[in-house]
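Spelled out from the first residue to the last, the chains are:
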Amino acid sequence: MITKEATVAAPAPLPAAPEPPRPARKRRRAWDEAPRWQIYLPLGIYLVFTLIPFYWILLFALRPAGSTSLVPWPMTTAHFEKVWTDRGFGTFFYNSVLVGVVTLLMTTLVALAGGYALARFDFKVKRAFMLALLCSQFVPGALLLVPLFEIFAGLQLINSLVSVIIAETVFQLPLSMILISNFIKNVPYSLEEAAWVDGCNRFRAFRVVVLPLLRPGLIAVGSFAFVHSWNHFLFALMFLNNQEKQTIPVGLNTLMSADSVDLGALAAGGIIAAVPVVIVFAFIQKWLITGFSAGAVKG
């Protein structure tokens, strides 16, 4: 006989408590597993090989002529005074600064206008034009010397800094224009449209809204143009005949002759040529990295 109590169903089991979420496992990287000495040793070796040439230049520039000491003591500034006054490096320095600053301004302005056109307007030969800009980067500057010399000779610009400035600007424009156009593409087009709705024309909207956002890109392009024109040797050598018009790279070349080389004067001239570039990069390093990284990709 089945009792009433036996027919009652057993109570359903309570649901199990949810398991607590497991903490995410930290992804182990290769340098987390490697001992520290395997990281610092190659970096230390690279640092030594990088700093030794700079120390060697300082050694020859600061120690007296004829000394063989590995420590620049007693230090002397005779080599700097010699190259600055006797060898005309004061004039070379002024010419290089003039060429670098004017090339920077011209390259930045023209690349800004061309980059905006490439970023905001569509035209039939746009892709062909971009391809031509890219292909121009494969042409070495030495191949341009003869046609540029003929053009500047016809314009009577030989032995003038204007010829070097024009050549440097033309040589820097393709890459600068590509970088600026990519950087402008990262600026939302809706910002300009909002400025147009508020009553601004295209130029004012660009100046008020877009241009302040392009500061890292402009600094990157301008610094690249300045450094290249400061260090470039071929254009100044070919287009400038008068010593009073020459730049620092050509001036360094005059310190070397077939018979002898004044190592102290050459080292002092190299330091004079390198210090402005180091100072410029020290001040604009943050903007330079931001500008090149933002202009290298399309957002």
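For clarity, every value in this text was computed on a predicted model and none was experimentally measured.

Enquirer: Even after reading the chapter, I still don't get the overall build of the chain, so can you show me in this structure?
Expert: What the chain contains, in helices and strands, is 13 helices and zero strands. Listing every helix and strand of the chain by position from the N terminus yields α-α-α-α-α-α-α-α-α-α-α-α-α. Relative to its 299 residues, the chain shows a buried fraction of 33%. Long-range pairs, those at least 24 residues apart, make up 73% of the contacts in the chain with a sequence separation of at least 6.

Enquirer: Would you mind going over the side chain of Thr-247 with me for this structure?
Expert: Positionally, Thr-247 belongs in the loop between α11 (234-239) and α12 (248-254). With residues near it in sequence (within four places) discarded, Thr-247 still touches Phe-92, Asn-95, Ser-96, Val-99 and Ala-236.

Enquirer: Just checking my understanding: could you explain the confidence of the model for the chain for this structure?
Expert: Atom-level detail of predicted coordinates should not be read off regions where pLDDT is low. For the chain, per-residue confidence averages 80 on the pLDDT scale, and residues scoring 70 or more make up 83% of the total. The least confident element of the chain, judged by mean pLDDT, is helix α1 (residues 30-33) at 56; the most confident is helix α4 (residues 89-120) at 90. Across residues 1-6 the pLDDT falls below 50, and counting only partners more than four positions away or on other chains, this stretch makes one contact in the model. Low pLDDT, under 50, characterises residues 295-299; the stretch is placed with eight contacts to residues that sit more than four places away or in other chains.

Enquirer: Before we go on, may I ask you to explain the nonpolar core in this structure?
Expert: A general feature of soluble globular proteins is that nonpolar side chains tend to end up buried together. The biggest cluster of nonpolar side chains holds 18 residues, and the ones touching the most others in it are Val-83, Phe-89, Trp-230, Ile-248 and Leu-252. For this core, the elements supplying multiple residues, two or more each, are α2 (36-62), α4, α10 (215-231), α12 and α13 (263-295). Counting residues in each nonpolar core, the second largest holds 15 residues, with Ile-180, Val-187, Phe-206 and Val-210 among its members.

Enquirer: I keep staring at the packing of aromatic side chains and nothing clicks. Help me out?
Expert: The geometry of an aromatic ring pair is captured by the separation of the ring centres together with the interplanar angle, meaning the angle of the planes. Taken as a whole, this structure holds eleven aromatic pairs when the rule is applied. When the centroid spacing of 5.5 Å and the interplanar angle of 65° are considered together, the rings of Phe-89 and Phe-92 count as edge-to-face. Within this pair, Phe-89 and its partner Phe-92 are both found in helix α4, separated by three residues, close to a single helical turn. Over the ring of Phe-60 we find Arg-63, and its NZ or CZ is 4.6 Å from the ring centre.

Enquirer: Is there a simple way to think about the packing of helix α8 (residues 189-197) against helix α9 (residues 202-210) in this case?
Expert: Between two packed helices, the angle of one axis relative to the other and the distance separating the axes together describe the packing. Remark: α8 packs on α9, axes separated minimally by 9 Å, with the N-to-C direction vectors making an angle of 125°. In terms of orientation, α8 and α9 fall into the oblique class. Crossing of α8 over α9 shows right-handed handedness. Of the residues in α9, those touching α8 at Tyr-189, Leu-191, Glu-192, Ala-195 and Trp-196 are Arg-202, Ala-205, Val-209 and Val-210. For the contact of α8 with α9, a count of residues per class yields seven nonpolar, no polar and two charged.

Enquirer: Teacher, can you tell me more about the environment of Phe-203 here?
Expert: Topologically, Phe-203 is positioned in helix α9. Residues Phe-203 and Glu-192, eleven residues apart in the sequence, show an inter-C-alpha distance of 10.0 Å.

Parameters at a glance
- Residues numbered from 1 in each chain as written.
- Predicted model: local features only at pLDDT ≥ 70, side-chain atom pairs only at ≥ 80, totals over all residues.
- Heavy atoms only, no water.
- Helix = DSSP H or I, 4+ residues; strand = E, 2+ residues; numbered from the N terminus.
- Buried < 20%, exposed > 50% of the residue type's maximum accessible area, 1.4 Å probe, protein only.
- Contact = heavy atoms within 4.5 Å.
- pLDDT = per-residue confidence, 0-100.
- Core = buried A, V, L, I, M, F, W, Y, C linked by side-chain atoms within 4.5 Å.
- Phe/Tyr/Trp six-rings, centres within 6.5 Å; stacked < 30°, edge-to-face > 60°.
- Lys NZ or Arg CZ within 6 Å of the ring centre and 35° of its normal.
- Axes fitted to C-alpha atoms, helices over the stretch in contact; angles between N-to-C directions.
- Parallel < 35°, antiparallel > 145°, perpendicular 65-115°, else oblique.
- Left-handed = near helix turned anticlockwise from the far one by under 90°.
- Nonpolar A, V, L, I, M, F, W, Y, C, P; charged D, E, K, R; others polar.

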